[in-house]
Amino acid sequence: MNIKNLKQLRTAVAPFEKSTLKTSVWQLVNTILPFVLLWIAAYKSLTISYFLTLVFTIAAAGFLVRIFIIFHDCCHNSFFKNRKANKVLGTITGILTLFPYNKWQHSHSIHHATSSNLDKRGVGDLWMMTIDEYENASMFVKLQYRLYRNPFIMFILGPIYEFLLANRFNRKGARWNERLNTYATNIALVLLVILLGSTLGWSSFLLVQLPIFLISGSVGVWLFYVQHTFEDTYFEEDENWDYVKAAVEGSSYYHLPKWMQWLTGNIGYHHVHHLSPRVPNYNLEQVHNETEPLRNVPTVTLVSSLRSLKFRLWDEKDKKFISFYEWKKQKKSLKLSAGSGMQ
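On a predicted model such as this, the values are computed, not experimentally measured, just so you know. (Residues numbered from 1 in each chain as written. Predicted model: local features only at pLDDT ≥ 70, side-chain atom pairs only at ≥ 80, totals over all residues. Heavy atoms only, no water.)

(A) Examining the overall build of the protein more closely. Broken down by element type, the protein carries 17 helices and five strands. Over its C-alpha atoms the protein spans a radius of gyration of 22 Å, differing by no more than 12% from the 20 Å that the globule rule assigns to 343 residues. The principal-axis extents of the C-alpha atoms in the protein amount to approximately 80 × 45 × 40 Å. When the 343 residues of the protein are sorted by exposure, 47% land in the buried category. In the protein, the proportion of contacts linking residues at least 24 apart, taken out of those at least 6 apart, comes to 69%. Counting every atom, the protein has about 17900 Å² of accessible surface; 64% of that belongs to carbon and sulfur. Computed over 37 positive and 24 negative side-chain charges, the separation of the two mean positions in the protein equals 8 Å. (Helix = DSSP H or I, 4+ residues; strand = E, 2+ residues; numbered from the N terminus. Rg over C-alpha atoms; globule rule 2.2 N^0.38 Å. Buried < 20%, exposed > 50% of the residue type's maximum accessible area, 1.4 Å probe, protein only. Contact = heavy atoms within 4.5 Å. Areas by Shrake-Rupley, 256 points an atom, 1.4 Å probe, with all protein chains shown as cover. Lys, Arg positive; Asp, Glu negative; His and termini not counted. Charge placed at Lys NZ, Arg CZ, Asp CG, Glu CD.)

The structure is reproduced here in structure tokens:
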């Protein structure tokens, strides 16, 4: 890809970094209102058929993912021009999505500043080990890692733990305003659950909310996973790491059907987002289409994204993800080569 420097791309992207109040408000309306209506429809349908309820909850989960994208934009102060307005809306949408605004804003900012940097992993990203790290790890750490990278744990149990439990606690060293925001989010969340549970009935509430939570959580983790875990992605040690390459080569262009692209708030244009987090989600596609270097980035489709499920380890030598099976084949091949060399 022909990219001369960051300044050129920044200049090209800069005009799209400003939010539009009318567009932002309309996105709130066409996202939160359908979510509420679908939630009500799911509750009302409990007396008809739970299969019908599930249909409504699946649709509602899609809109909850879209609500998270609005929350995500607020964390980057890109949804509104006013920082306070972003924080207020971010806190409200954070309650709906189970994310404390200030805490996640902090970890996500670190993710953007260190994405694809092998020497600065561990905050706001997924646990990823290189071949050397894995081979030199203890049996206990290897077991932990294998469990962590297991699709059932990563996409089913992982969201339950991360969103429902881990998000309820402050990180070590958090400032008071961040702690206060987490406490406020937790209190509001508890009050909302108690209100809905006691008003609608606990069983009815759980029959509607649980599938919405589970589906949206799994989809959210999958989107984050596939946008940084693909065969031709970019990882470098700190001395060779480059922000632009990390953004446009280490973040995928997830080419989705239009309706999925809409529900996921254009987050499939992840390379654009990482290049300039201040671009509102509704401008990402336009930036991609009108900035030539950004059109020539690694593209992942629905079909090709499924291959990422096998990726487990980062091969620093060949600079690509490999599976545990491929790693074992490499080891076996090396042993055979070493054995024949000794003869």
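So, next bit.
(B) Up close: the environment of Phe-51. Tracing the sequence through the fold places Phe-51 in helix α3 (residues 50–75). In this structure, the C-alpha to C-alpha distance between Phe-51 and Thr-233, residues 182 residues apart in sequence, is 40 Å.

(C) Broad picture of the packing of helix α8 (residues 151–165) against helix α10 (residues 202–226). Two elements in contact, α8 and α10, have axes separated by 8 Å at closest approach and are oriented at 105 degrees. Classed by the angle they form, the pair α8 and α10 counts as roughly perpendicular. Contacts between α8 and α10 involve Met-154, Phe-155, Ile-156, Pro-159, Ile-160, Phe-163 and Leu-164 on the former and, on the latter, Phe-213, Leu-214, Gly-217, Ser-218, Val-221, Trp-222 and Tyr-225. Residues of the contact of α8 with α10, tallied by class, amount to 12 nonpolar, two polar and no charged. (Axes fitted to C-alpha atoms, helices over the stretch in contact; angles between N-to-C directions. Parallel < 35°, antiparallel > 145°, perpendicular 65-115°, else oblique. Nonpolar A, V, L, I, M, F, W, Y, C, P; charged D, E, K, R; others polar.)

(D) Geometry of empty space enclosed by the protein. Summed over the entire model, instances satisfying the criterion amount to three cavities of 30 Å³ or more. The calculated volume of the largest cavity comes to roughly 230 Å³. As for the largest cavity, its lining consists of 18 residues, and the residues nearest its centre are Ser-116, Asp-125, Leu-126, His-228 and Phe-235. Volume-wise, the second largest cavity comes out at about 50 Å³. As for the second largest cavity, its lining consists of Tyr-253, Tyr-254, His-255, Leu-256, Gln-261, Thr-264, Asn-266, Gly-268 and Tyr-269. Residue composition of the lining of the second largest cavity, grouped by class: four nonpolar, five polar and no charged. (1 Å grid on protein atoms, 1.4 Å probe; cavity = no way out; pocket = protein on both sides within 12 Å on 5 of 7 lines; lining within 4 Å. Points joined across faces, edges and corners; volume = space filled by probe spheres on them.)

(E) Main features of unusual backbone geometry. We note that Leu-98 has phi near 75 degrees; this positive angle belongs to a residue other than glycine. Mapped onto the elements, Leu-98 comes out in the loop between α4 (83–97) and α5 (101–114). On the accessibility criterion, Leu-98 (12% relative accessible area) is buried.

As far as function goes, none of this settles anything; it's purely spatial.
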